[in-house]
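So the chains spell out like this:
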Amino acid sequence: MRMLLRGAAALAAVVTVASLTSGAAAHPRTQGAAGTIRSSAAAQIPPGVTAGVAVFDRQTGTFTEQVNDSAQFRSASVVKLLLALDFLWDRGPDYVIPAADRARLEPMLRGSDDDAANHYWSTYGGSAIIERMLDRPEVGLRDTVAPPAEYAGFWGYTAMSARDTVAVYRYILEKAPAPVRTFIMDNLRRSTRCSATDHFDQHFGIAGSFDRPWAVKQGWSGKFAKGTCGSQAAPAATPAESAAAPRAAAVDLTRPALHTTGTVGTNDRTIVAVLTLHAVGTTYGKAYTDIGRLTRSLNVPGGVRPAGTWFGTWGELVNVRKGPATGDERITRLPAGVEVLVGCQTRGEVVSVPPYTNDWWAYLPQYGGYISNIYISSPDNRLPNVPECGSPRP
């Protein structure tokens, strides 16, 4: 079957592990990212993004990255670490967690469940939780502040900084009682791709930039579109996590926020905290892509980069399927315009989006499924420098 090549004169918008190359074609599938991300000790912050970054190597006891690390951001779901610590504080010698609380804490830490956070916030004093954590010198918080009085019910409006986030992880890993450390870190290592409440894909940043072992607690807040993660349609985000405030406050409550925090490497070697704000109107897919580029640029000792090539995508709700055919089971749908890591490609069912036709499919190892190459930002049907599945990389 004769295929129509997609924009032979267009430049490929191919994003490799080492660099990001911009494309100049008008068609959305050949739009690339401006700028270059290098492997260096300096964080590369995409245009239009405000970031606070701290990367701490526990093996050497030094920071490898510090950019605006004391700047305050609304924490979104990162504050759930403090909710869990406050609940677990001084629970007796055995730190037994009642079954009802385990059933809340596990999805709150793994899937960022908002209903669980609402429960702990309302049951244990709201802003008093933050004040108690500030009064505990062993945690070492310096920039954390409870939500403004007019938003006292919004736990996600707690202000935190990148350096305070590192301090929280250092407390958990180095000072917390062993049962507390084990419970929290084991759940963060089991982070689910789909968030429990609003079905956002939360394996951005750290989870997308490094091979396991890693442990993550992510956060997002703002007027993003509905989540697309999972095989079924998803509900809208809940106000506690994602509502934009109608008035200004001590920290920016208006611009969309996306945060990735956690540990990378064997024995939780390196703590990474990347807190970001994006321009009003930014899509979830673009914010997801920008925080991924920033995280991949960081000097993270012990971190192993996943094999494959990064590409942009285009289209709304692109399906990731178990096999290279539209009738195969849908695993999830991609946030619009998000970059994806392609491990290999194979021929499969012919897909047509007039005037384009393509029978090549890209395998996405981080999703364990395939998308049609027709939705990949590249001018040709067959992706450049990507091997066929089952063949060695070129």
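The name given to the protein chain in an unreviewed UniProt entry is SH3b domain-containing protein, with Streptomyces qaidamensis as the source organism.

Within this structure, the stated rule accounts for 1 cavity of 30 Å³ or more. Roughly 120 Å³ of internal volume is contained in the largest cavity. In this structure, the largest cavity is lined by 17 residues; those nearest its centre are G208, Y288, R296, W310 and E339. Those elements that place two or more of their residues in the lining of the largest cavity are α7 (206-209), α9 (284-296) and β12 (340-342).

A few words on the packing of helix α1 (residues 80-88) against helix α2 (residues 99-110). Taken N-terminus to C-terminus, the directions of α1 and α2 make an angle of 155°; their axes are 10 Å apart at the nearest point. In terms of orientation, α1 lies roughly antiparallel with respect to α2. Crossing angle aside, the handedness with which α1 passes α2 is left-handed. Here K80, L81, L83, A84 and F87 of α1 lie close against α2, whose contacting residues are D101, L105, M108 and L109. Split by residue class, the contact of α1 with α2 holds 7 nonpolar, no polar and 2 charged.

On to the packing of aromatic side chains. In the structure shown here, the tally under the stated rule is 17 aromatic pairs. With 5.5 Å between their ring centres and 85° between their planes, Y151 and Y157 make a pair best called edge-to-face. Accessibility expressed as a relative area gives 1% for Y157, which makes it buried. Taking 5.2 Å as the distance between ring centres and 80° as the angle between the ring planes, the aromatic pair formed by F224 and Y284 counts as edge-to-face. Of the two residues, F224 is situated in the loop between β6 (214-221) and α8 (239-242) and Y284 in helix α9; the sequence distance between them amounts to 60 residues. On the basis of relative accessible area, Y284 is assigned to the buried category, the value being 6%. Each member of the aromatic cluster is reached from another via a ring pair, and the members are F200, F204, W220, F224, Y284 and Y288. The ring of F87 has R91 sitting right over it, with the charged end atom 4.2 Å from the ring centre.

Before going further, it helps to examine the nonpolar core. Among the nonpolar cores identified, the biggest contains 45 residues, and V168 and I184 are the most heavily contacted of them. Residue assignment for this core shows that the elements contributing at least two residues are β2 (50-57), α1, α2, α3 (114-123), α4 (127-134), α5 (162-174), α6 (178-189) and β8 (270-277). Residues in contact with I184, not counting those within four places in the same chain, are L81, A84, L85, L88, L109 and I172. Core analysis: the next-biggest nonpolar cluster, separate from the first, contains 38 residues, A43, W214, A362 and I371 among them.

Further remarks concern the sheet that holds strand β3 (residues 62-67). What the 5 strands build is an open sheet, ordered β3-β2-β8-β7-β6; its pairing is antiparallel. A strand with exactly one partner marks an edge of an open sheet, and here the two such strands are β3 and β6. The mean inter-strand angle of the sheet, taken between neighbouring strand axes irrespective of direction, is 5°. In terms of strand pairing, β6 meets strand β7 (residues 257-264) through 8 bridges, oriented antiparallel. The partner of K217 across the bridge, within β7, is T261.

What follows deals with the state of the cysteines. The final tally for this structure, using the stated rule, is 2 disulfides. Here C194 connects covalently by a disulfide to C229, the sulfurs 2.1 Å from one another. Disulfide C194-C229: torsion about the S-S bond near -75°, hence left-handed. Of this pair, C194 sits in the loop between α6 and α7 while C229 sits in the loop between β6 and α8, placing them 35 residues apart in sequence. Note on C194: relative accessible area 24%, which makes it partly exposed. By relative accessible area, C229 is classed as buried at 0%.

Each value, and the rule that gives it
Residues numbered from 1 in each chain as written. Predicted model: local features only at pLDDT ≥ 70, side-chain atom pairs only at ≥ 80, totals over all residues. Heavy atoms only, no water. 1 Å grid on protein atoms, 1.4 Å probe; cavity = no way out; pocket = protein on both sides within 12 Å on 5 of 7 lines; lining within 4 Å. Points joined across faces, edges and corners; volume = space filled by probe spheres on them. Helix = DSSP H or I, 4+ residues; strand = E, 2+ residues; numbered from the N terminus. Axes fitted to C-alpha atoms, helices over the stretch in contact; angles between N-to-C directions. Parallel < 35°, antiparallel > 145°, perpendicular 65-115°, else oblique. Left-handed = near helix turned anticlockwise from the far one by under 90°. Contact = heavy atoms within 4.5 Å. Nonpolar A, V, L, I, M, F, W, Y, C, P; charged D, E, K, R; others polar. Phe/Tyr/Trp six-rings, centres within 6.5 Å; stacked < 30°, edge-to-face > 60°. Buried < 20%, exposed > 50% of the residue type's maximum accessible area, 1.4 Å probe, protein only. Lys NZ or Arg CZ within 6 Å of the ring centre and 35° of its normal. Core = buried A, V, L, I, M, F, W, Y, C linked by side-chain atoms within 4.5 Å. Pairing = 2+ DSSP bridges. Disulfide = S-S within 2.5 Å.

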